[in-house]
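Geometric and topological summary
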Amino acid sequence: MRRQIVEIGERAGAEALAVAFYDYRHRLGWSYHGDRWFHAASTIKVPVLLGVFHAVDRGVLHPYSRVHVRNRFISVADGTPFRIDTSRDSSPEVHQAIGRTMQVRELARHMIATSSNLATNLLIDVVGIDEIQETLRELGLDGIDFRRGVEDMTAWAANLNNRVTAHGLLSALRVIADERHFSPESCREMLDILHAQEFKRGIPAGLPEHARVAHKTGEISTVAHDAGIVFLPDREPYVVVILTEWGAEATGRHSMIARVSRAVFEHVSDGDNTNG
Amino acid sequence: MATTPTAEPVQFDLPVIDGFELEERYRLLLRPDELMPDATGELRRLPRFFLEVDSWQTALTTQLTEHFTLSEFMVVDVREAPALRDFPRHIPCAVTLLAAQLEMFRREAGAPVYISANGGYRTPAHALSDYGSTHCWATAANIYRIGDEYLDTRERIEKYGRIASRAMPGCWVRPYGNVKGYADDHLHIDIGYVVQIPHGTPGERAQDL
């Protein structure tokens, strides 16, 4: 497995690669560079989702609570205001609601399914950075370093960035799959939201068509990630996290993630055949 | 000689409530007639009399002026105190004066005027009411869009600010800027710390003066 993963990474020209998975059927986990830190890109939205639903479970928010849609945020670095670039954000629907309100669950869905940066920062604002950090501490998610909202360029210049490890994201997704720390309703809602993911060129592209994946991608100029829970017929799911780092001009990122996803799928499938 | 009106006046029929008579759970949050410091630290007296609105449907169908319904001044989000997001809700009576002034502004602007969520009446218990802004008197409006134009640039905010100053005598327009006390993604207009005491409401009691 390790040799196969290393080869895929080397052939694709990735500068760094980390993989972690946990198979609920065989109660078996495996990782490669699982504790290496990467810029989180949009995978940080999974920990934000946990923070949102922790607030829901505590009664601070309700999934139907309404949030004022406003494109104005405050940098954690120096308190200066900034906005999400409308032309670069992937969800026009949230931008079209500026001045009005949207429900927490609608924003959460946009944050994950279309990776809306505006929805993400609105949810971070309403829940609070400190509260989300506290949630991650309570859950023991050491491999997630959540510092700020997205597109906070002043914070970026000050080297205040969100970071994750493969182990960290794996643990975050297991919190949802395990249904231990959150109410069953919140876990189901989070899974539904992750299942609504619209970017499918990573983990799902390496799987057979009958696989369903609840996942979150993340991509900026130098990283491309995917992290998800894979559901196959007649077996318990497995969780897989694939984090990659690239030169700014590199191509073939998604196909490489798909190949790693395929390798993990074949590995767990082989395990099924071996162990009945 | 008596004259008859030539046009049907805008009318609504909402009960006026003395804040002193409200249930304690509302009174503690709405703080009728209490003093609240404004942004400069000056103490201002909060409104005592409120229009009582029993449902969102009532708010939607209560036409304050030709183009503004009461509902447009009542949209708040999760930052409003939970007890005050439910009905019945209580809106200071001076909201009618603001609506009348905004109607004149709309006429001058020549396009529909959209008030943002949290941009009409905010109670003193609202999370954004860290000081007594005129939103707590229902005499302020945050306008994020006029016609098809979003007011998120200096040019547009200042353009419509000038129109407001012309159309609404005595109004105050928050200047453009990105620090506290300024606005850079909406136009804030208010008519000051105005309270309206409708006819038929109880007067001041001598022992309270």
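First, a word on what this report is: a plain description of the structure on this page.

So, how was this worked out
- Residues numbered from 1 in each chain as written.
- Chains lettered and ligands numbered in written order.
- Predicted model: local features only at pLDDT ≥ 70, side-chain atom pairs only at ≥ 80, totals over all residues.
- Heavy atoms only, no water.
- Helix = DSSP H or I, 4+ residues; strand = E, 2+ residues; numbered from the N terminus.
- Rg over C-alpha atoms; globule rule 2.2 N^0.38 Å.
- Buried < 20%, exposed > 50% of the residue type's maximum accessible area, 1.4 Å probe, protein only.
- Contact = heavy atoms within 4.5 Å.
- Areas by Shrake-Rupley, 256 points an atom, 1.4 Å probe, with all protein chains shown as cover.
- Lys, Arg positive; Asp, Glu negative; His and termini not counted.
- Charge placed at Lys NZ, Arg CZ, Asp CG, Glu CD.
- Buried area = accessible area lost by both parts, 1.4 Å probe.
- Salt bridge = Lys/Arg side-chain N within 4 Å of Asp/Glu carboxyl O.
- Polar contact = N/O pair within 3.5 Å; in protein donor to acceptor, adjacent residues only side chain to side chain.
- Nonpolar A, V, L, I, M, F, W, Y, C, P; charged D, E, K, R; others polar.
- Axes fitted to C-alpha atoms, helices over the stretch in contact; angles between N-to-C directions.
- Parallel < 35°, antiparallel > 145°, perpendicular 65-115°, else oblique.
- Left-handed = near helix turned anticlockwise from the far one by under 90°.
- Pairing = 2+ DSSP bridges.

Side note on the overall build of chain B
Summing up its helical and strand segments, chain B has four helices and ten strands in all. Listing each helix as α and each strand as β along chain B from the N terminus yields β-α-β-β-β-α-β-α-β-β-β-α-β-β. Expected size for 209 residues packed as a compact globule is a radius of gyration near 17 Å; at 17 Å, chain B falls within 12% of this value. The dimensions of chain B, computed from C-alpha atoms along their principal axes, are 50 × 50 × 35 Å. Residue burial in chain B is summarised as follows: out of 209 residues, 49% are buried. For chain B, long-range pairs separated by at least 24 residues make up 68% of all intrachain contacts whose partners lie at least 6 apart in sequence. For chain B, the computed accessible surface area is about 10,600 Å², with 50% contributed by carbon and sulfur atoms. The averaged location of the 30 negative side-chain charges in chain B is 4 Å from the averaged location of its 21 positive side-chain charges.

Overview of the interface of chain A and chain B
Across the contact, 16 residues belong to chain A and 16 residues belong to chain B. Together chain A and chain B conceal approximately 1,300 Å² of surface at their shared face, both sides included; 46% is due to carbon and sulfur atoms. The three residues of chain A that bury the most area against chain B are A:His68, A:Arg72 and A:Arg83, which together make up 36% of that side's buried surface. Our count for the chain A to chain B interface comes out at two salt bridges. Salt-bridge contacts for B:Asp185 lead to A:Arg70; the nearest nitrogen and oxygen are separated by 2.7 Å. Linking chain A to chain B there are nine residue pairs in polar contact (both at pLDDT 80 or more). Within the residue set of the side of chain A that touches chain B, elements represented by two or more residues are strand 4 (66–68) and helix 5 (117–127) of chain A. At three residues, strand 4 of chain A tops the list of elements feeding residues into the side of chain A that touches chain B. Grouping the constituent residues of the side of chain A that touches chain B by class yields five nonpolar, five polar and six charged.

Description of the packing of helix 4 (residues 104–113) of chain A against helix 5 of chain A
Residue and element names in this part refer to chain A. Interhelical geometry of helix 4 versus helix 5 gives an angle of 130 degrees and a closest axis separation of 8 Å. The pairing of helix 4 with helix 5 is recorded here as oblique in orientation. By crossing handedness, the relation of helix 4 to helix 5 is classed as left-handed. On the side of helix 4, the interface is formed by Val-104, Leu-107, Ala-108, His-110 and Met-111, while helix 5 contributes Ala-119, Thr-120, Leu-122 and Leu-123. By residue class, the composition of the contact of helix 4 with helix 5 is seven nonpolar, two polar and no charged.

Some points on the side chain of A:Thr114
Residue and element names in this part refer to chain A. Assignment of secondary structure puts Thr-114 in the loop between helix 4 and helix 5. Given a relative accessible area of 10%, Thr-114 falls into the buried group. Within polar-contact distance, the side chain of Thr-114 engages the backbone oxygen of His-110 at 3.0 Å. Once you skip the residues sitting within four places of it in the chain, Thr-114 turns out to touch Ser-90, Ser-91, Arg-109, Glu-198 and Phe-199.

Things to note about the environment of A:Tyr22
Residue and element names in this part refer to chain A. Mapped onto the elements of the fold, Tyr-22 is located in strand 1 (residues 16–23). Taking relative accessible area as the criterion, Tyr-22 reaches 12% and is therefore assigned buried. Sequence separation between Tyr-22 and Leu-170 is 148 residues; the distance between their C-alpha atoms is 7.7 Å. When near neighbours in sequence (up to four residues on either side) are disregarded, Tyr-22 contacts Arg-27, Leu-28, Gly-29, Leu-170, Arg-174, Tyr-238 and Val-239.

Overview of the sheet that holds strand 8 (residues 144–145) of chain A
All names here are of chain A. Taken in spatial order, the three strands line up as 3-9-8 in an open sheet, and their pairing is antiparallel. The open sheet is flanked by strand 3 (38–39) and strand 8, the only strands paired with a single partner. Pairing geometry for strand 8 and strand 9 (residues 163–164), over two bridges, is antiparallel. Residue pairing across strands places Asp-145 opposite Arg-163, the latter belonging to strand 9.

Observations concerning the pattern of salt bridges
Considering all chains together, one arrives at 24 salt bridges over all chains under this definition. For the salt bridge of A:Arg27 with A:Glu236, the shortest nitrogen-to-oxygen distance reads 3.6 Å. Of this pair, A:Arg27 sits in the loop between strand 1 and strand 2 (28–32) while A:Glu236 sits in the loop between strand 11 (223–231) and strand 12 (238–245), and the two are 209 residues apart along the sequence. Of the residues examined, A:Glu236 reaches a relative accessible area of 37% and is grouped as partly exposed. Residue B:Asp38 is joined to B:Arg44 by a salt bridge in which the shortest nitrogen-to-oxygen separation is 2.9 Å. Using a relative accessible area of 6% as the deciding quantity, one classes B:Asp38 as buried. Three or more residues are tied together by salt bridges with common partners; here these are A:Asp145, A:Arg147 and A:Arg163.

Remarks on helix 4 of chain A
Residue and element names in this part refer to chain A. Of all ten residues making up helix 4, seven are buried, and the element is well covered by its neighbours. All of the buried residues in helix 4 are Val-104, Leu-107, Ala-108, His-110, Met-111, Ile-112 and Ala-113. In the segment just after helix 4, Ser-115 is the residue with positive phi, at about 60 degrees.

The quantities given are spatial measurements derived from coordinates; they are silent on function.
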